[in-house]
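Examination of the molecular architecture
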Amino acid sequence: MSAPMPVAKSPHVSFERERGVYAIDVTRDVAHAVVSFDDDDLRPSRITHVFRVLADADGPIFLIKMHRTAVAFALAGSDLARAEAELIQHGASPVVRRDLVILTVRAASMRELTGVIVDITDSLYAANARLHEMGDSHNSVQCLLEAARVEAAIMALCT
């Protein structure tokens, strides 16, 4: 199993306290994979097989999205080669992206506000930071984007 990915705290959040934002974290060395399937009767067993292969590869996955004909997930960049090789060996053809980060906006009162995700995605669009995946919890929104655009994304969020 790989070591935990480093998380960097942004120094740009002090003025965001009025909206409840208390941190913008960046998790580096993240990869993204999509495994597609035919839309047939074997699709559920193929999806299960992909998760079993990934579990046997012993690398954690997160930001899991299940679509009708595909499964998408993120994983540590250091785990990508092993996971990709295992999937290919077991008959899957993952499409992968490397050099990504997870930018996490944390705010205690996020559930009480409307339009938070729209505001975040508008800021990322303004920074020309392509959003590959998104997740949320009661106090955070996680955005998977290219590492090369993370500083511009943080500045756009702070603006």
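Located above this text is the structure these notes cover.
The paragraphs below set out a description of the structure included in this document. As the structure is a computational prediction, the values presented were derived from the model and not from experiment.

So, empty space enclosed by the protein
- A complete count under the given rule lists 1 cavity of 30 Å³ or more for this structure.
- Empty space within the largest cavity amounts to approximately 40 Å³.
- Here the lining of the largest cavity is composed, by residue class, of 5 nonpolar, 1 polar and 2 charged.

Concerning the packing of helix H1 (residues 43–56) against helix H2 (residues 77–89)
- For the pair H1 and H2, interaxial distance at closest approach is 9 Å and the crossing angle is 135°. Judged by the angle between their axes, H1 and H2 are oblique. Relative to H2, H1 is oriented so that their crossing is right-handed. Across the interface between the two elements, Val 50, Val 53 and Leu 54 of H1 pack against Ala 83, Glu 86 and Leu 87 of H2.
- Here the residues of the contact of H1 with H2 sort into 5 nonpolar, no polar and 1 charged.

With respect to the environment of Leu 144
- In this structure, Leu 144 sits in strand S7 (residues 140–146).
- Judged by relative accessible area, Leu 144 falls into the buried class, the value being 0%.
- Taking the C-alpha atoms as reference points, Leu 144 and Val 26, separated by 118 residues in sequence, lie 9.9 Å from one another.
- Apart from residues no more than four positions distant in its own chain, Leu 144 is found in contact with Val 30, His 32, Leu 63, Ala 74, Leu 100, Val 101, Ile 102, Arg 130, Leu 131, His 132 and Glu 133.

Digging into the nonpolar core
- Membership of the largest hydrophobic core comes to 23 residues, with the highest contact counts inside it found for Leu 103, Ile 120 and Leu 145.
- Among the elements that line this core, the one with the most residues is helix H4 (residues 150–158), at 6 residues.
- The contact partners of Ile 120, leaving out residues within four places of it in the chain, are Val 105, Met 134, Val 141, Cys 143 and Leu 157.
- Within the second largest apolar cluster, 16 residues are counted, among which are Ala 33, Val 50, Phe 73 and Leu 80.

Some words on the environment of Ser 45
- Note on placement: Ser 45 falls in helix H1.
- Judged by relative accessible area, Ser 45 falls into the partly exposed class, the value being 43%.
- Polar side-chain contacts of Ser 45 include one of 2.8 Å to the backbone oxygen of Leu 42.

Regarding the pairing of strand S5 (residues 95–107)
- Two elements, strand S2 (residues 21–36) and S5, share 10 bridges in a ladder whose sense is antiparallel. Across the sheet, the residue bridging to Val 21 is Ala 107, located in S5.
- Looking at chain direction, S5 and S7 are connected through 7 bridges and run antiparallel. Across the sheet, Ile 102 pairs through a bridge with Leu 144, a residue of S7.

Some details on unusual backbone geometry
- At Asp 58, a position not held by glycine, the phi torsion is positive, near 65°.
- Here Asp 58 is to be found in the loop between H1 and strand S3 (61–66).

Conventions adopted
- Residues numbered from 1 in each chain as written.
- Predicted model: local features only at pLDDT ≥ 70, side-chain atom pairs only at ≥ 80, totals over all residues.
- Heavy atoms only, no water.
- 1 Å grid on protein atoms, 1.4 Å probe; cavity = no way out; pocket = protein on both sides within 12 Å on 5 of 7 lines; lining within 4 Å.
- Points joined across faces, edges and corners; volume = space filled by probe spheres on them.
- Nonpolar A, V, L, I, M, F, W, Y, C, P; charged D, E, K, R; others polar.
- Axes fitted to C-alpha atoms, helices over the stretch in contact; angles between N-to-C directions.
- Helix = DSSP H or I, 4+ residues; strand = E, 2+ residues; numbered from the N terminus.
- Parallel < 35°, antiparallel > 145°, perpendicular 65-115°, else oblique.
- Left-handed = near helix turned anticlockwise from the far one by under 90°.
- Contact = heavy atoms within 4.5 Å.
- Buried < 20%, exposed > 50% of the residue type's maximum accessible area, 1.4 Å probe, protein only.
- Core = buried A, V, L, I, M, F, W, Y, C linked by side-chain atoms within 4.5 Å.
- Polar contact = N/O pair within 3.5 Å; in protein donor to acceptor, adjacent residues only side chain to side chain.
- Pairing = 2+ DSSP bridges.

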